[in-house]
Amino acid sequence: MSLIDKLEWRYATKKFDPKKKLSAEQLDNLLTAIQLAPSAHGLQSYKVLVIEDPEIREQLREAAYGQPQLTQASHVLIFASYTTIDGEFVNDFIGNVAKIREVGIEHLEAYRQSITGFVDRLAEDQKITWSHKQAYIALGVLLTAAAEMGVDACPMEGFAAGKFDEILGLKEKGLTATVMATVGFRAADDEFSKLIKVRRVKEELFIHV
Ligand SMILES: Cc1cc2nc3c(=O)[nH]c(=O)nc-3n(C[C@H](O)[C@H](O)[C@H](O)COP(=O)(O)O)c2cc1C
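Undergrad: Describe the environment of Glu-157, naming the residues involved and giving the relevant values.
TA: Its place among the elements puts Glu-157 in the loop between strand 3 (152-156) and helix 8 (161-168). Leave out the neighbours within four places in its chain, and Glu-157 touches Tyr-136 and Val-179. A polar atom in the side chain of Glu-157 sits 2.5 Å from the side chain of Tyr-136.

Structure follows, in structure tokens:
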């Protein structure tokens, strides 16, 4: 199957088979795809919580308007964005660049200043919005990787973020819930898997200039 065929195959899974779990390798590959997602300046201004605990998942389901994927899927991946993006955050990033690329930190000063300049120009609420956007890019990469691997997924933003923050203690970690994906394997009787995909025709979706 080509990637396009796999993107046709995928759909927002509403009913997972609770007996089918991702192997450790499949989960790790999904997490690697998220790790490799691009982000503005490479800052990766989010964390991803990998939730398996059944009790926590019950609580999350309640805060997600009872959506069954929360308890039926193999895993729940929650993208949570940092709420404070400041000079220290940028310094940590630059420190990581220096370590991984084995470059003296002094050679990265102009780079550090350009990122700090960008971050400093954003108001606090703009920073959080920006941070959320980065998390959505990682979500997109995850969904594509899952399809490529034959793993089912449902992207989900139908939840009360404040309640998720409370249940997961995100505020204390300087984070807030952005979006999530439930991953696993579709139930054989998920009616949604049979629906024909609805997308706008290319003439309507694209503008060629
Ligand atoms: C950001 C985002 C949030 C979504 N939230 C939910 C959700 O909370 N619950 C749900 O069942 N589906 C959710 N969906 C799935 C969409 O409804 C679905 O992707 C869309 O209808 C297109 O269908 P398809 O993905 O099956 O092709 C969400 C999708 C995205 C991209």
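Undergrad: Give me the environment of Met-180: which residues, what numbers.
TA: Assignment of secondary structure puts Met-180 in strand 4 (residues 175-184). On the accessibility criterion, Met-180 (0% relative accessible area) is buried. Residues Met-180 and Val-48 lie 132 residues apart in sequence; the distance between their C-alpha atoms is 8.8 Å.

Undergrad: I'd like a rundown of the pattern of salt bridges, residues and numbers included.
TA: One pass over the structure, following the stated rule, counts seven salt bridges. With its nearest N and O atoms 3.1 Å apart, the salt bridge here joins Lys-6 to Glu-148. Placement of Lys-6 in helix 1 (residues 3-9) and of Glu-148 in helix 7 (residues 124-149) is noted, with a sequence separation of 142 residues between them. Using a relative accessible area of 15% as the deciding quantity, one classes Lys-6 as buried. Measuring nitrogen to oxygen at the nearest pair gives 2.8 Å for the salt bridge that ties Glu-109 to Arg-112. Of this pair, Glu-109 and Arg-112 both sit in helix 6 (residues 109-121), three residues apart, which is roughly one turn of the helix. Residue class for Glu-109 comes out partly exposed when judged on its relative accessible area of 31%.

Undergrad: Mind laying out a negative patch on the surface, listing which residues take part and the relevant values?
TA: Negative charge collects at one region of the surface, where Asp-53, Glu-55, Glu-58 and Glu-62 lie side by side. As for its position among the elements, Asp-53 is in the loop between strand 1 (46-51) and helix 3 (54-63). Residue Asp-53 is classed as partly exposed on the basis of its relative accessible area of 39%.

Undergrad: So what's going on with unusual backbone geometry? Which residues, and what values?
TA: Phi angles above zero are rare outside glycine, and Gln-44 is one such case at about 45 degrees. Within the fold, Gln-44 resides in the loop between helix 2 (24-35) and strand 1. For Glu-102, which is not glycine, the phi dihedral falls at a positive 55 degrees. Looking at where Glu-102 falls in the secondary structure, it is placed in the loop between helix 5 (87-101) and helix 6.

Undergrad: Before we move on, can you summarise the packing of helix 5 against helix 6 with the specific residues and values?
TA: To describe two helices that pack against each other, one gives the angle between their axes and the distance between the axes. Taken N-terminus to C-terminus, the directions of helix 5 and helix 6 make an angle of 150 degrees; their axes are 10 Å apart at the nearest point. With respect to each other, helix 5 and helix 6 are oriented roughly antiparallel. Relative to helix 6, helix 5 is oriented so that their crossing is right-handed. The segment helix 5 lies against helix 6, with Val-90, Asn-91, Phe-93, Ile-94 and Val-97 engaging Tyr-111, Arg-112, Ile-115, Thr-116 and Val-119. A breakdown of the residues in the contact of helix 5 with helix 6 according to their chemical character gives seven nonpolar, two polar and one charged.

Undergrad: Talk me through the nonpolar core; I want residue IDs and the actual numbers.
TA: Core analysis: the largest hydrophobic core is formed by 34 residues, its most contacted members being Leu-70, Ile-78, Phe-164 and Met-180. When contributions to this core are tallied by element, the ones reaching two or more residues are strand 1, helix 3, strand 2 (75-82), helix 5, helix 6, strand 3, helix 8 and strand 4. Broken down by element, this core gets its largest block of residues, six residues, from helix 5. Setting aside residues no more than four positions away along its own chain, Leu-70 makes contact with Arg-57, Leu-60, Arg-61, Ala-64, Val-76, Met-156, Phe-164, Met-180 and Thr-182. Core analysis: the next-biggest nonpolar cluster, separate from the first, contains 20 residues, Ile-34, Ala-135, Leu-143 and Ala-181 among them.

Undergrad: So what's going on with the site of the ligand? Which residues, and what values?
TA: Inspection of the region around the ligand gives 14 residues, with Arg-10, Ala-12, Lys-14, Gln-67 and Lys-197 positioned closest. Contact between the ligand and Gln-69: an oxygen atom at 3.3 Å from a side-chain N or O atom of the residue. Burial of the ligand by the protein amounts to 66% of the accessible area it has alone, namely 620 Å². A total of three residues in the shell around the ligand trace back to one element, the largest contributor, which is strand 3. Looking at the shell around the ligand residue by residue, the classes come out as six nonpolar, three polar and five charged.

Rules and cut-offs
Residues numbered from 1 in each chain as written. Predicted model: local features only at pLDDT ≥ 70, side-chain atom pairs only at ≥ 80, totals over all residues. Heavy atoms only, no water. Helix = DSSP H or I, 4+ residues; strand = E, 2+ residues; numbered from the N terminus. Contact = heavy atoms within 4.5 Å. Polar contact = N/O pair within 3.5 Å; in protein donor to acceptor, adjacent residues only side chain to side chain. Buried < 20%, exposed > 50% of the residue type's maximum accessible area, 1.4 Å probe, protein only. Salt bridge = Lys/Arg side-chain N within 4 Å of Asp/Glu carboxyl O. Patch = residues over 30% accessible without salt bridge, like charges linked within 9 Å, V, L, I, M, F, W, Y side chains within 5 Å. Areas by Shrake-Rupley, 256 points an atom, 1.4 Å probe, with all protein chains shown as cover. Lys, Arg positive; Asp, Glu negative; His and termini not counted. Charge placed at Lys NZ, Arg CZ, Asp CG, Glu CD. Axes fitted to C-alpha atoms, helices over the stretch in contact; angles between N-to-C directions. Parallel < 35°, antiparallel > 145°, perpendicular 65-115°, else oblique. Left-handed = near helix turned anticlockwise from the far one by under 90°. Nonpolar A, V, L, I, M, F, W, Y, C, P; charged D, E, K, R; others polar. Core = buried A, V, L, I, M, F, W, Y, C linked by side-chain atoms within 4.5 Å. Near = heavy atom within 4 Å.

Take it as geometry only, folks, not as evidence of what the structure does.
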